[in-house]
Amino acid sequence: RDHSDVAGGLNNLAVLYMAQGLLDEAEPLHVESLAMRRRLHGERDHSDVATGLNNLAVLYMAQGLLDEAEPLHVESLAMRRRLHGERDHSDV
């Protein structure tokens, strides 16, 4: 069942795996976490979705998949700008 706590837990385990160098194990968890966050928030911009996009992009960068990482970073930044505007905010 989709829940923000489950999505967060998936993300946290993926981040741990990344820190351990287990990139292949981290990928499906980041993908599932992002998909769950998108289902939870629909088409609306949400900081959890932006974070999920960013985290998956960082994983792809670590895997050397720069072409896959770039659009995720671009989408994450655009979403954060829509959420927070151009003002001085730590997420932008």
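Just so it is clear, the model here is predicted, and its values are computed rather than measured.

Novice: I'm lost on the overall build of the protein in this one. Help?
Specialist: Assigned secondary structure in the protein consists of four helices and zero strands. The linear arrangement of helices and strands in the protein, starting from the amino end, is α-α-α-α. At 13 Å, the protein has a C-alpha radius of gyration in line with the 12 Å of a compact globule built from 92 residues. Along the longest, intermediate and shortest principal axes, the C-alpha atoms of the protein span 35 × 30 × 20 Å. For the protein, buried positions account for 32% of its 92 residues. Surface summary for the protein: the accessible area is close to 5600 Å², and the carbon and sulfur share equals 52%. Side chains of the protein give 9 positive and 16 negative charges; the mean places of these two sets differ by 8 Å.

Novice: Is there a simple way to think about the packing of helix H2 (residues 23–41) against helix H3 (residues 47–62) in this case?
Specialist: Where H2 meets H3, the closest approach of the two axes is 9 Å, and the angle between their N-to-C directions is 160°. Taken together, the axes of H2 and H3 are roughly antiparallel relative to one another. Crossing handedness for the pair H2 and H3: left-handed. The segment H2 lies against H3, with Leu23, Ala26, Glu27, His30, Val31, Leu34, Arg37, Arg38 and His41 engaging Asp48, Val49, Thr51, Gly52, Leu53, Asn55, Leu56, Leu59, Tyr60 and Ala62. Of the residues in the contact of H2 with H3, the class split is 10 nonpolar, five polar and four charged.

Novice: I'm lost on the side chain of His41 in this one. Help?
Specialist: By the secondary structure assignment, His41 is in helix H2. The class of His41 is buried, set by a relative accessible area of 13%. Setting aside residues up to four positions removed in sequence, His41 forms contacts with His46, Asp48 and Val49.

Novice: What should I look at first to understand the pattern of salt bridges in this one?
Specialist: When the charged atoms of two side chains lie near each other, side chains of opposite charge can form a pair. In this structure the tally under the stated criterion is three salt bridges. Arg39 is the salt-bridge partner of Asp2, the closest N and O atoms lying 2.7 Å from each other. Placement of the pair is Asp2 in the segment before helix H1 (4–19) and Arg39 in helix H2, with a sequence separation of 37 residues. You can call Asp2 partly exposed: its relative accessible area is 30%. Put simply, Glu75 and Arg38 hold a salt bridge, and the shortest N to O gap is 3.1 Å. In this pair, Glu75 is assigned in helix H4 (residues 66–84) and Arg38 in helix H2, connecting sequence segments 37 residues apart. Owing to a relative accessible area of 29%, Glu75 belongs among the partly exposed residues under this scheme.

Procedures and definitions
Residues numbered from 1 in each chain as written. Predicted model: local features only at pLDDT ≥ 70, side-chain atom pairs only at ≥ 80, totals over all residues. Heavy atoms only, no water. Helix = DSSP H or I, 4+ residues; strand = E, 2+ residues; numbered from the N terminus. Rg over C-alpha atoms; globule rule 2.2 N^0.38 Å. Buried < 20%, exposed > 50% of the residue type's maximum accessible area, 1.4 Å probe, protein only. Areas by Shrake-Rupley, 256 points an atom, 1.4 Å probe, with all protein chains shown as cover. Lys, Arg positive; Asp, Glu negative; His and termini not counted. Charge placed at Lys NZ, Arg CZ, Asp CG, Glu CD. Axes fitted to C-alpha atoms, helices over the stretch in contact; angles between N-to-C directions. Parallel < 35°, antiparallel > 145°, perpendicular 65-115°, else oblique. Left-handed = near helix turned anticlockwise from the far one by under 90°. Contact = heavy atoms within 4.5 Å. Nonpolar A, V, L, I, M, F, W, Y, C, P; charged D, E, K, R; others polar. Salt bridge = Lys/Arg side-chain N within 4 Å of Asp/Glu carboxyl O.

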